[in-house]
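A structural walkthrough
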Amino acid sequence: MERRRADEAVDARRATRHDVAWTAVQCVCWVALGLFLIAWSLHTTDAVLGPAAFYGGLGVGNGGWIFTVLAAYVRGEKRGDW
């Protein structure tokens, strides 16, 4: 029984590490997309698209990682990680 519990603990830690790593990758991608939109807004000369891309970049860059982390927290709660 002890061996089975130890194996289950290893599997649980593996699932947690995988989820945290995947969450980190998603956060980096959201931030990169936000930075791309902000950089594109500085590059464009259109008076309508520039501010739209800038504020869109702020929303995507900040909102993307925040909701990704919140979703990871909910998944961790369901798994019993914390």
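In this report, the structure presented in the accompanying data block is examined. This is a predicted model, so every value here is computed, not measured.

Cut-offs and rules
Residues numbered from 1 in each chain as written. Predicted model: local features only at pLDDT ≥ 70, side-chain atom pairs only at ≥ 80, totals over all residues. Heavy atoms only, no water. Salt bridge = Lys/Arg side-chain N within 4 Å of Asp/Glu carboxyl O. Helix = DSSP H or I, 4+ residues; strand = E, 2+ residues; numbered from the N terminus. Buried < 20%, exposed > 50% of the residue type's maximum accessible area, 1.4 Å probe, protein only. Phe/Tyr/Trp six-rings, centres within 6.5 Å; stacked < 30°, edge-to-face > 60°. Contact = heavy atoms within 4.5 Å. Polar contact = N/O pair within 3.5 Å; in protein donor to acceptor, adjacent residues only side chain to side chain. Expected span 1.5 Å × (residues − 1).

Our focus in this paragraph is the pattern of salt bridges. Counted by the stated rule, this structure contains five salt bridges. Note that arginine 14 and aspartate 11 form a salt bridge whose closest N and O atoms lie 3.1 Å from each other. Of this pair, arginine 14 and aspartate 11 are both found in helix α1 (residues 2–43), three residues apart, which corresponds to roughly one turn of the helix. Residue aspartate 11 is classed as partly exposed on the basis of its relative accessible area of 44%. Across the pair arginine 75 and aspartate 19 runs a salt bridge, and its minimum N-O distance is 2.9 Å. Placement of the pair is arginine 75 in helix α2 (residues 49–79) and aspartate 19 in helix α1, with a sequence separation of 56 residues. The class for arginine 75 is partly exposed, based on a relative accessible area of 31%. A residue is classified by how much of its surface remains accessible, and aspartate 19, at 9% relative accessible area, is buried.

In this section: the packing of aromatic side chains. Evaluated as defined, the whole model comprises two aromatic pairs. Relative to tryptophan 82, the ring of tyrosine 73 lies with its centre 6.1 Å away and its plane at 15°, an arrangement referred to as stacked.

It is worth spelling out the environment of aspartate 81 at this point. Within the element layout of this structure, aspartate 81 appears in the segment after α2. Of the residues examined, aspartate 81 reaches a relative accessible area of 26% and is grouped as partly exposed. Put simply, aspartate 81 and cysteine 27 are 54 residues apart on the chain and 20 Å apart in space, counted from C-alpha to C-alpha. Beyond its immediate stretch of four places on either side in the chain, aspartate 81 contacts Thr16 and Gly76. A distance of 3.0 Å separates a polar atom in the side chain of aspartate 81 from a polar atom in the side chain of threonine 16.

A few words now on α2. Working note: α-helix, 3.6 residues per turn, so residues spaced by three or four point in the same direction. Taking 1.5 Å of rise per residue, 31 residues should cover 45 Å, and α2 covers 43 Å from first to last C-alpha, within 8% of that figure. Turning to α2, its buried residues number three or more, namely Gly50, Ala53, Gly57, Gly61, Gly64, Thr68, Ala72 and Gly76. Where the residues of α2 are buried, they touch α1. Remark: glycine 80 follows α2 within two positions and exhibits a positive phi of approximately 90°.

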